Amino acid sequence: MASRPSRSALVILALMTVLLSAVSSSSSSQYKEKMRPIMFNFGDSNSDTGGLVAGLGFPVNLPNGRSFFRRSTGRLSDGRLLIDFLCQSLNTSLLSPYLDSLAGTKFTSGANFAIVGSSTLPKYVPFSLNIQVMQFIHFKARTLELVTAGLDHGLITERGFGDALYMIDIGQNDIADSFAKNLSYVQVVRRIPSITTEIENAIKALYDQGGRNFWVHNTGPLGCLPQKLSLVENETLDQYGCISSYNDAAKFFNEELRRLCEKMRTEKKDANIVYVDIYSIKYDLIANSTKYGFSSPLMACCGYGGPPYNYNIKVTCGQPGYRVCDEGSRFLSWDGIHYTEAANSIVASKVISTAYSTPRLNFDFFCSS
């Protein structure tokens, strides 16, 4: 007959059970903390959350920022950008510009390297894509130095950099600048492979730094921007009033970018590389603007000149003489180039739906336990 355990043995067993439960709970909490959303963004004005102002002191005045922040934050919109809505979908803080020394952040959730006007080419010109990647590499090295020195205070660790999401949204300015130089459509598309090569180089450099999760946006319908429509003459327009050659170039770039992402998935089998079709989302907003409650989809809310485009290159939004639509008005275009918060909100909801992503991963795939 087996002997019954003594009372002291039962007490010890109970204490061990409590201790193991506490350790398990602590480990789980630490794991969840390590899996907090961390994002690094590279791009142009479509995702610049204040980098131009912080880096160059360039004024971005009200009415920019009027509808959400109630002040100008350096974003070229009346409120939040697509990237802001994506951050909020993860219940994490909005990304601060890397160059903002007064942001009051320790960059514990990542950093935004995007700057207004950025392109992939020419290289080594502030703030081209390869310069942004170089800034990230410096940021990572310095951060890990502080972590190694015991001064982490919640700073991103090596594992954090590996688990992070690396977002790329660039290329629009490369195409637009090519057309601005009066290059023909054939000449413009001939340059596009060199643009996607720079994006490939950026992804490879970030991969070599330990990045494994990539989120790549294609470019929107360039020929539907009020700025382009107001500056270009004698161009063929499509059924919705957009410049066909500009949109065709954007679609050519997007197909090259889609193939690049597909190729890199086969080469980097341990990486997640998601391609997001922003073009289709935005073109749908224009083609079906009334369904979404927008009026005058090709006219800027903030600018000068009135219909049809309300854009004048000499009197842009925020500059002396500008006119702005009433707050609460339903416009797609904010300033002739960038979208309103209302439009960005819809774009974000469609991005989050995964219907426009290849592969169809949820946006939180990189931080879900």
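None of these values were measured; they are calculated from a predicted model.

Calculation notes
Residues numbered from 1 in each chain as written. Predicted model: local features only at pLDDT ≥ 70, side-chain atom pairs only at ≥ 80, totals over all residues. Heavy atoms only, no water. Core = buried A, V, L, I, M, F, W, Y, C linked by side-chain atoms within 4.5 Å. Buried < 20%, exposed > 50% of the residue type's maximum accessible area, 1.4 Å probe, protein only. Helix = DSSP H or I, 4+ residues; strand = E, 2+ residues; numbered from the N terminus. Contact = heavy atoms within 4.5 Å. 1 Å grid on protein atoms, 1.4 Å probe; cavity = no way out; pocket = protein on both sides within 12 Å on 5 of 7 lines; lining within 4 Å. Points joined across faces, edges and corners; volume = space filled by probe spheres on them. Nonpolar A, V, L, I, M, F, W, Y, C, P; charged D, E, K, R; others polar. Disulfide = S-S within 2.5 Å. pLDDT = per-residue confidence, 0-100. Polar contact = N/O pair within 3.5 Å; in protein donor to acceptor, adjacent residues only side chain to side chain. Pairing = 2+ DSSP bridges.

Asks: Any chance you could explain the nonpolar core here in plain terms?
Replies: The biggest cluster of nonpolar side chains holds 84 residues, and the ones touching the most others in it are Met39, Phe40, Phe42, Tyr166, Ile199, Trp215 and Val351. A total of nine residues in this core trace back to one element, the largest contributor, which is helix 7 (residues 185–208). For Tyr166, the contacting residues outside a window of four places in its chain are Phe40, Phe42, Phe136, Phe161, Leu206, Gly211, Asn213, Phe214 and Trp215. Judged by nonpolar contacts, the second largest core, of seven residues, contains Met299, Cys301, Cys302 and Cys325.

Asks: Even after reading the chapter, I still don't get empty space enclosed by the protein, so can you show me in this structure?
Replies: Where empty space is left in the structure can be found by rolling a water-sized probe over the atoms. Counted under the stated rule, the structure contains five cavities of 30 Å³ or more. Looking at the largest cavity, its volume works out to about 230 Å³. Lining the largest cavity are 24 residues, with Asn46, Ser47, Leu82, Asp169 and Lys282 positioned closest to its centre. Mapped by element, the contributors of at least two residues to the lining of the largest cavity are helix 3 (82–89), strand 3 (165–169), strand 4 (213–217), helix 10 (278–287) and helix 11 (341–352). A per-class count over the lining of the largest cavity returns eleven nonpolar, eleven polar and two charged. Space inside the second largest cavity adds up to approximately 60 Å³.

Asks: Is there a simple way to think about the state of the cysteines in this case?
Replies: Disulfide: a covalent bond connecting the sulfur atoms of a pair of cysteines. Overall, the coordinates contain three disulfides when judged by the stated rule. The residue that forms a disulfide with Cys224 is Cys242, at a sulfur-sulfur distance of 2.1 Å. Around the S-S axis, the bridge from Cys224 to Cys242 shows a dihedral of about 105° and counts as right-handed. With Cys224 in the loop between strand 4 and helix 8 (226–231) and Cys242 in the loop between helix 8 and helix 9 (244–267), the pair connects residues that are 18 residues apart, well separated along the chain. On the basis of relative accessibility, which here comes to 0%, the residue Cys242 falls in the buried class.

Asks: Even after reading the chapter, I still don't get the confidence of the model for the protein chain, so can you show me in this structure?
Replies: A low pLDDT means the predicted coordinates there should not be read in detail. For the protein chain, the average pLDDT comes to 91, and 89% of its residues sit at 70 or higher. Predicted confidence is poor over residues 9–34, with pLDDT under 50, and the contacts of this stretch with residues over four places away or in other chains come to five contacts.

Asks: I'm lost on helix 6 (residues 172–180) in this one. Help?
Replies: Note: α-helices contain 3.6 residues per turn, so residues at a spacing of three or four share the same orientation. Burial analysis of helix 6 places seven of its nine residues in the buried class, which makes it a mostly covered element. Within helix 6, burial applies to Gln172, Asn173, Asp174, Ile175, Ala176, Ser178 and Phe179. The inward-facing, buried residues of helix 6 abut helix 7, helix 8 and helix 9. Looking at the residues trailing helix 6, positive phi occurs at Asn182, about 65°.

Asks: Explain the layout of surface pockets to me, please; I cannot follow it from the model alone.
Replies: Of the pockets and cavities examined, the largest pocket occupies roughly 810 Å³. As for the largest pocket, its lining consists of 35 residues, of which Gln227, Tyr311, Thr316, Ile337 and His338 are closest to the centre. Secondary-structure elements contributing two or more residues to the lining of the largest pocket are helix 6 and helix 8. Looking at the lining of the largest pocket element by element, the count peaks at six residues for helix 6. Broken down by class, the residue content of the lining of the largest pocket amounts to 19 nonpolar, twelve polar and four charged. Approximately 260 Å³ is the volume attributed to the second largest pocket. Looking at the second largest pocket, it is lined by 15 residues, and the ones nearest its centre are Thr49, Thr73, Arg75, Pro97 and Asp100. Broken down by class, the residue content of the lining of the second largest pocket amounts to seven nonpolar, five polar and three charged.

Asks: When you look at the side chain of His338 in this model, what are you seeing that I'm missing?
Replies: Its location among the elements puts His338 in the loop between strand 7 (323–324) and helix 11. We classify His338 as buried; its relative accessible area is 6%. A distance of 2.7 Å separates the side chain of His338 from the side chain of Ser45, its partner in a polar contact. His338 has contacts with Ser45, Asn46, Leu76, Leu332 and Ser333, leaving out every residue within four places of it along the chain.

Asks: Explain the pairing of strand 1 (residues 39–43) here, please?
Replies: Side chains on a regular strand alternate between the two faces of the sheet. Within strand 1, five of the five residues are buried, leaving the element largely enclosed by the surrounding structure. In strand 1, alternate side chains face the same way, and those of Met39, Asn41 and Gly43 on one face and Phe40 and Phe42 on the other are all buried. Bridge count for strand 1 against strand 2 (residues 110–112) is three bridges, and the pairing is parallel. Opposite Met39, over in strand 2, you have Gly110 as the bridge partner. One ladder, built from five bridges, connects strand 1 with strand 3; its direction is parallel. Paired with Phe42 across the bridge in strand 3 is Ile168.

Asks: Whenever I open this one, the sheet that holds strand 3 confuses me. Can you help?
Replies: The strands that make up a sheet pair up through hydrogen bonds in the backbone, lying either parallel or antiparallel. The strand order across the open sheet formed by six strands is 2-1-3-4-5-8, and the pairing between neighbours is mixed. Either end of the sheet is taken by a strand with one partner, and the two such strands are strand 2 and strand 8 (357–358). Across four bridges, strand 3 lies against strand 4 in parallel orientation. The residue bridging Ile168 from the neighbouring strand is Val216, located in strand 4.

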